[in-house]
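# Observations on the three-dimensional arrangement
Take a look at the letters that make up each chain.
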Amino acid sequence: MEFFRIKNDIPFMRHALKFNIISLVTFALAVIFIAMRGLNLSVEFTGGTLVEVSYPQPPRVEDIRQALSDAGYSDAQVQNFGSARDILVRLPNRDDLEADRVSENVMATLSSIDGPEPELRRVEFVGPQIGKELAADGGMALLFVMVGMMAYLAMRFEWRFALAASIANLHDVLIIIGFFAFFQWEFSLPVLAAVLAVLGYSVNETVVIFDRVRETFRKRRGLSTTEVIDHAITRTMSRTVITHGSTLMVVLSMLIFGGETLHYFALALTIGIIFGIYSSVLVSSPLVMWFGVSREQFVKPKKDKEEAVV
Amino acid sequence: MNRYPLWKNILICLVLVFGLIYTIPNFYGEVPAVQVSSAKSTVQLDQSLIGRLESELTATDLQHTGVFADENSIRFRFADTEEQLRARDTIDAALNPDPQDPSYIVALNLLPATPNWLTSINALPMYLGLDLRGGVHFLLEVDMAGAITNRLDSTTGDLRTLLRDRRIRHAGVTREGNTIELRFRDTEQREAARRAISSGNSDLELAARDDGENDYKLIASLLPQAAQTIREFAITQNITTLRNRINELGVAEPIIQQQGADRIVVQLPGVQDVAKAKDILGRTATLEVRLVDDSPGAIEDALNGQVPFGTELYTERGGGPLLVKNDVILTGDRLTDAQPGFDSQTNDPAVHLTLDSPGSRIFRDVTRDNVGKRMAILLFEKGRGEVVTAPVIRTEIGGGRVQISGSMSVEEANRIALLLRSGSLAAPMEIIEERTVGPSLGAENISKGFNSVLWGFVAIAVFMTVYYTLFGLVSVIALTANLGLLIALLSLLQATLTLPGIAAMALTIGMAIDANVLINERIREEINNGVTPQAAITAGYERAFGTILDANITTLIAGIALLVFGSGPVRGFAVVHCLGILTSMFSAILVSRMIVNLIYGRRRKIDRLAIG
């Protein structure tokens, strides 16, 4: 079986400008959403208390809210989590409460409500300091990845490739975060891990194409830069689709079977993979082209032998 | 051209066998076990106890299937739960003759069922994180500023006593923030004080300051090294105390670790009762100093059941009964440090105690009034007291530095110092992070994670075999090898597997296939270009190699960043991710090539490759 029997190179670069305008728009939209709506950060980042309980029968969320409010937790967020029987209670950090006793008080309050007895599934309490540190560490990791990959690409390839790959990757990352901002999905530590994994994954894709570009420059003479890039993308097309298809299969399996805990993690990866293909083919490649990549950068011009004149 | 030398084949096979062996322990599951740990910090676990318990078990016709001992516990494995329960009763009866005052905690437990020959080569199952097992996780922060202030407060008292002893007139010694200010009326007294202090105390840095006529000051501050020592002491001391307290919970494999400069991680797998765990972690000082009632005849009366009024009967550790007065002179929170050492005159082993300033004042007064009498140091655990030591007071002891000496060995001195420290925290602590995962959620997380990996793998395997036929099958074998090696590595390193770790495993499968796809696509391409099958295989693997390397190294950079900067779930993800990249490179390049070589390499002439 073979999906791609492409004889002639597909002229991807002819449409480069159009795609890049689309990219620019989505990129701008992502930035706007992040700026306007902000991220729905999980307790891990903001600090606070999160209690997940499970009931044998669906409880009345309104009762729980009322009971918590009566117990002095008027700022508690109560919502269903996964199913109607699972309830998530979230409380921001407050100075006037003894933080490490909040979860017990919440559990005691929930047990005191008439009706089915809740079973404790999970408690998370994070002090405000820890939250800030985690956010800072996340930022550092992002920076480190960007710098590390640029340095490696600049060393193995050329600065143009490094720059183009970085822009394309940043584009992917921002779009994922944009999605999380737009839908107000919870941005947790595993999601951050997914975002950083996408960064590695997406650059992987870019590298495969760049590798081909470099090889084509070295092997084939007489092609224009645009033709070389078109050729490289077309040749790797099959691999791109299959690899991403495979990864997507696994990630979708995680999305389906992984349950609530892995849900957003898998979702971030899904978005990342889809945009990863797009960005490496249609964002980073045109960028390298515009940065002025050419054959001379890879093939040392042969020096004419100076023959001694007799 | 497509043949590996024999040594290379053997080497790859060896790695695969090695991977298989270290993967196996994960499939054995768990068996019932009985865990014995010490209930008192005075009770030590040692080799002789194992022998004793083994003979007890044989005496009651019980056969254990393995014994494991570490620093904190001894564990016996049993064939079934019935034997486990009987063994628990036998051991409990043998070790704790008085159920009201148990010296050992005997708890039911689960242990990996790994056969002994595997355990002996260190092939153990992966260590499951709390999110997969259920349990409690605490992150505690030690109040270092509090530790320093405590020390400065006690030093302030020391200095005051020192100046008085040397008859140096001063106009006040006070702690101001992180410094101690000593005020003097004239410079001569100040100079005398400076000499006195610097000869006796090497932790302080002294600076003179003149604040006008008749107001001469000496500003004492802690030297950076001294402050550093205090901080390090505070954290190790708190960890020791926590360990002693957590022992009471009888948790199977508690983790108590320092994290960063001033944080302690406590993980209690299997514990669900957060409130109890917190109470035990937060328990306060349990050390008391009281006077011994040595009046003639009193002890005999007490042993006959007539305890004199105002006293209590206790047992001295390793000694006889002792009558102790009810009045508490000092409690453990007055103690700032206890270190083993030697008596400066007799060179006998001794324990040096440091008290804070109110403590040292009380202590001086009491010792002055009771020279020649005995003083008991009691340790209270779970509401029950035991006399650790009861030395005779020889002279008045001032300055907050107390020495306990007498007939003790160096080892004993070490142990008493540890005991005295074990009751109290060196600095207050605060819980800054807490996670509880219920056991049902843990089991659910495992099955969900496992299913994601399984179905992801199946989907890829089916697709690869259909799309690339024989070469696809080879890729699937390589992928299986990859998964096996990854699990083997994780087991060998005893890295903790968490839910994000399982997610990383799934992702690794998805990404690992990339290398195989790159190779297979290259081979197809070469064939389409009209190259012979044998040459196509060689070219395919060789051409793809550079790309695979570049692609994986960039991914590895991201993985390492996660490892360095991540914490908690991110780190759990990163460990598996990084290892997965390494194993997938090995299996995609070497394992798959070996198989392809074995299939095609021997044949001289091949018409076509089965690559779909």
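By convention here, each chain's residues receive numbers from 1 onward along its written sequence. Note on labels: chains are lettered from A, ligands numbered from 1, in written order. Side-chain atom pairs in this predicted model are given and counted only at pLDDT of 80 or more, local residue features only at pLDDT of at least 70, and totals for whole chains, interfaces and linings cover all residues. Note that the side-chain values use all heavy atoms of the structure and ignore hydrogens as well as water.

### Some remarks on the overall build of chain B
Helical segments are the DSSP runs of H or I of at least four residues, strand segments are the runs of E of at least two, and each set is numbered from the N terminus. Scanning chain B from N- to C-terminus turns up 16 helices and 22 strands. Radius of gyration means the value over C-alpha atoms here, while the globule rule gives 2.2 Å times the residue count to the 0.38 power. In summary, chain B has a C-alpha radius of gyration of 33 Å against a globular reference of 25 Å for 612 residues, an excess of more than 25%. Projected onto its principal axes, the C-alpha coordinates of chain B cover approximately 105 × 75 × 40 Å. Exposure classes here rest on a 1.4 Å probe applied to the protein chains alone. A residue is buried below 20% of its type maximum, exposed above 50%, and partly exposed in between. Split into buried and exposed, the 612 residues of chain B put 54% on the buried side. Charge assignment in this entry is limited to Lys and Arg as positive and Asp and Glu as negative, and neither His nor the chain termini are counted. Charged groups are reduced to one reference atom each: NZ for lysine, CZ for arginine, CG for aspartic acid, CD for glutamic acid. Here chain B carries 57 positive and 68 negative side-chain charges, and the mean point of each set is 6 Å from the other.

### Describing the packing of helix α5 (residues 128–156) of chain A against helix α6 (residues 159–183) of chain A
All names here are of chain A. α6 packs onto α5 with a crossing angle of 150° between their chain directions and a minimal axis gap of 8 Å. When the interaxial angle is binned, α5 and α6 end up roughly antiparallel. When the axes of α5 and α6 are compared, the crossing they make is right-handed. Contacts between α5 and α6 pair L142, M146, M150, L153 and A154 from the former with W159, F161, A162, L163, A165, S166, L170 and V173 from the latter. Under this grouping Gly is polar, as are all residues other than the nonpolar Ala, Val, Leu, Ile, Met, Phe, Trp, Tyr, Cys and Pro and the charged Asp, Glu, Lys and Arg. Its residues placed into classes, the contact of α5 with α6 shows 12 nonpolar, one polar and no charged. Only C-alpha atoms enter the line fits that serve as axes; for helices the fit covers just the stretch in contact. Angles between N-to-C directions range over 0 to 180 degrees. Should an angle fall under 35 degrees it is called roughly parallel, over 145 degrees roughly antiparallel, and 65 to 115 degrees roughly perpendicular, with every other angle called oblique. The handedness criterion is simple: a crossing whose near helix is rotated anticlockwise from the far helix by less than a right angle is left-handed, and one whose near helix is rotated clockwise is right-handed. Two residues qualify as a contact provided that any one of their heavy atoms is within 4.5 Å of a heavy atom in the partner residue.

### Digging into the sheet that holds strand β4 (residues 83–92) of chain A
At least two bridges found by DSSP between two strands is the condition for calling them paired. Pairing in this open sheet of eight strands is antiparallel, and the strands run β3(A)-β4(A)-β2(A)-β5(A)-β21(B)-β6(B)-β12(B)-β11(B) from one edge to the other. Sheet topology places β3 (77–81) of chain A together with β11 (255–259) of chain B at the edges, where each strand pairs with a single neighbour. Taking each pair of neighbouring strands and ignoring which way they run, the sheet shows an average axis angle of 20°. Where helix α13 (residues 439–493) of chain B meets the sheet, its contacts fall on β5 (119–126) of chain A together with β21 (429–437) of chain B, and the angle it forms with β5 of chain A comes to roughly 90°.

### A word on the UniProt feature "transmembrane region" (unreviewed entry) in chain A
UniProt positions are given in the numbering used here, feature names are shortened, and annotations may be inferred rather than shown by experiment. Within this structure's numbering, the places UniProt gives as "transmembrane region" (unreviewed entry) are residues 21–39, 134–154, 161–183, 189–210, 241–258 and 264–293 of chain A. Annotation note: span residues 134–154 of chain A, helix share 100%, strand share 0%, distance between end C-alpha atoms 30 Å.

### Describing a nonpolar patch on the surface
Residues qualify for a patch when their relative accessible area is over 30% and they have no salt bridge, like charges being joined within 9 Å and the nonpolar side chains of Val, Leu, Ile, Met, Phe, Trp and Tyr within 5 Å. Here the Shrake-Rupley method, with its probe set to 1.4 Å, supplies the accessible areas, and only the displayed protein chains count as covering residues. For this analysis, a salt bridge means a side-chain nitrogen from Lys or Arg found within 4 Å of a carboxyl oxygen belonging to Asp or Glu. On the surface, a nonpolar cluster with roughly 810 Å² of combined accessible area is contributed by L252, I256 and F257 of chain A together with F450, L454, W455, V458, V462 and V466 of chain B. Elements supplying a minimum of two residues to the nonpolar patch: α8 (225–257) of chain A together with α13 of chain B. Sorting elements by how many residues they give to the nonpolar patch places α13 of chain B first, with six residues. Relative to the helices and strands, F257 of chain A resides in helix α8. Its relative accessible area of 31% is what places F257 of chain A among the partly exposed residues.

### Side note on unusual backbone geometry
All names here are of chain B. Even without a glycine there, the phi angle at D61 is positive, about 65°. Relative to the elements of secondary structure, D61 occurs in the loop between α2 (47–59) and β2 (66–69). With a relative accessible area of 66%, D61 lands in the exposed category. One non-glycine residue with positive phi stands out, namely T469, at about 45°. Counting through the fold element by element, T469 comes out in helix α13.

### What to know about the packing of aromatic side chains
Here the aromatic set is Phe, Tyr and Trp, taking the six-membered ring for Trp, and pairing holds for ring centres within 6.5 Å; pairs whose planes are under 30 degrees apart are stacked, those over 60 apart are edge-to-face, and all others are tilted. Inspection of every chain in the model, using the stated rule, returns 23 aromatic pairs over all chains. Seen from their ring centres, F257 of chain A and W455 of chain B are 6.1 Å apart, and the 25° between their planes marks the pair as stacked. Of the two residues, F257 of chain A is situated in helix α8 and W455 of chain B in helix α13; the pairing between them involves two chains. You can call W455 of chain B partly exposed: its relative accessible area is 41%. Taken together through their ring pairs, the aromatic side chains of F33, F45, F179, F180, F182, F183, W185, F187, Y264, F275 and Y278 of chain A make up a single cluster. Placement of a positive charge over a ring is assigned whenever Lys NZ or Arg CZ falls within 6 Å of the ring centre and within 35 degrees of the normal to the ring plane. Positioned above the aromatic ring of Y467 of chain B is the side chain of R524 of chain B, whose terminal nitrogen or guanidinium carbon lies 4.5 Å from the ring centre.

### Let's talk about the domain arrangement of chain B
Residues and elements named next belong to chain B. By domain assignment, chain B separates into domain 1 (6–24 + 440–600), domain 2 (31–112), domain 3 (145–227) and domain 4 (231–431). Between domain 3 and domain 4, the C-alpha centre-to-centre distance is 30 Å. Between domain 3 and domain 4, the contact holds 11 residues from the first and 11 residues from the second. When two components associate, each loses some accessible surface as probed by a 1.4 Å sphere; the sum of these losses over both components is called the buried area. Summing both partners gives a buried area of about 880 Å² for domain 3 against domain 4, and 45% of it is carried by carbon and sulfur. On the domain 3 side of the interface with domain 4, the three residues burying the most area are S154, D158 and A227, jointly 39% of the side's total. At the boundary of domain 3 with domain 4, the tally comes to zero salt bridges. The definition of a polar contact used here is a pair of N or O atoms within 3.5 Å, where within protein one atom must be able to donate a hydrogen and the other to accept one, and adjacent residues in sequence count solely through side-chain atom pairs. Counting every contact that joins domain 3 to domain 4 gives one residue pair in polar contact (both at pLDDT 80 or more). For the purposes of this description, domain bounds are those given by an automatic or database domain assignment.

### Here's the deal with the sheet that holds strand β8 (residues 179–184) of chain B
Residues and elements named next belong to chain B. The antiparallel open sheet is built from four strands, whose spatial order is β7-β8-β10-β9. Of all the strands in the sheet, the pair left with one neighbour each is β7 (173–176) and β9 (204–210). The mean inter-strand angle of the sheet, taken between neighbouring strand axes irrespective of direction, is 25°. The pairing of β7 with β8 spans four bridges and is antiparallel.

### Digging into the UniProt feature "domain: Protein export membrane protein SecD/SecF C-terminal" (unreviewed entry) in chain A
The UniProt record annotates "domain: Protein export membrane protein SecD/SecF C-terminal" (unreviewed entry) at residues 110–292 of chain A. The span residues 110–292 of chain A shows a helical share of 84% and a strand share of 5%, and its end C-alpha atoms are spaced 65 Å apart.

### Observations concerning the nonpolar core
By convention a nonpolar core is built from buried Ala, Val, Leu, Ile, Met, Phe, Trp, Tyr and Cys residues, the set being connected through side-chain atoms within 4.5 Å. Within the largest apolar cluster, 147 residues are counted, with the highest numbers of intra-cluster contacts made by L269 of chain A together with F471 and L490 of chain B. When residues of this core are assigned to their parent elements, the largest contribution, 18 residues, is made by helix α7 (residues 189–219) of chain A. Ignoring anything within four residues of it in the chain, the contact list for L269 of chain A reads A194, A197, V198, V251 and M254 of chain A together with L507 of chain B.

### Details of the side chain of S103 of chain A
With respect to the secondary-structure elements, S103 of chain A resides in helix α4 (residues 102–112). On the accessibility criterion, S103 of chain A (6% relative accessible area) is buried. With residues up to four places along the chain from it excluded, the contact list for S103 of chain A reads T49, V51 and V123 of chain A together with K278 and E434 of chain B.

### Section: the interface of chain B and chain A
Of the residues lining the interface, 64 residues belong to chain B; the matching set on chain A comes to 69 residues. Taken together, the two surfaces of chain B and chain A that pack against each other cover about 5900 Å², and 63% of this comes from carbon and sulfur. Interface area lost by chain B to chain A is led by Y467, D550 and F565 of chain B, which between them contribute 11%. Viewed at the interface, chain A and chain B are joined by nine salt bridges. Put simply, chain B and chain A have 22 residue pairs in polar contact (both at pLDDT 80 or more) between them. Every element with two or more residues in the side of chain B that touches chain A is listed here: α9 (274–281), β21, α13, α14 (499–528), α15 (533–565) and α16 (569–600) of chain B.

### Examining the domain arrangement of chain A
All names here are of chain A. Domain annotation of chain A identifies domain 1 (12–40 + 130–296) and domain 2 (48–126). On a C-alpha basis, the centroid separation for the pair domain 1 and domain 2 is 39 Å. Listed as interface residues are four residues of domain 1 and, on the opposing side, four residues of domain 2. Approximately 360 Å² of surface area, both sides summed, lies buried where domain 1 meets domain 2, with 60% of it carried by carbon and sulfur atoms. Summed over the shared surface of domain 1 and domain 2, the result is one salt bridge. The salt bridge involving E186 is made with R90; its shortest N-O contact spans 2.5 Å.

### Points about the confidence of the model for chain B
Parts of the model with low pLDDT should not have their predicted coordinates read in detail. Think of pLDDT as the predictor's per-residue confidence, scored from 0 to 100. Taken residue by residue, chain B gives an average pLDDT of 84. The fraction at 70 or more is 95%. Here the predicted complex carries an ipTM of 0.87, next to a pTM of 0.79.

### Here we look at the environment of F76 of chain B
Residues and elements named next belong to chain B. If you trace the backbone, F76 turns up in strand β3 (residues 73–77). Between the C-alpha atoms of F76 and H577, which are 501 residues apart in sequence, the distance is 35 Å. Not counting chain neighbours up to four residues away, the residues in contact with F76 comprise P32, A33, V34, I50, L53, E54, L57, H64, G66, V67 and I91.

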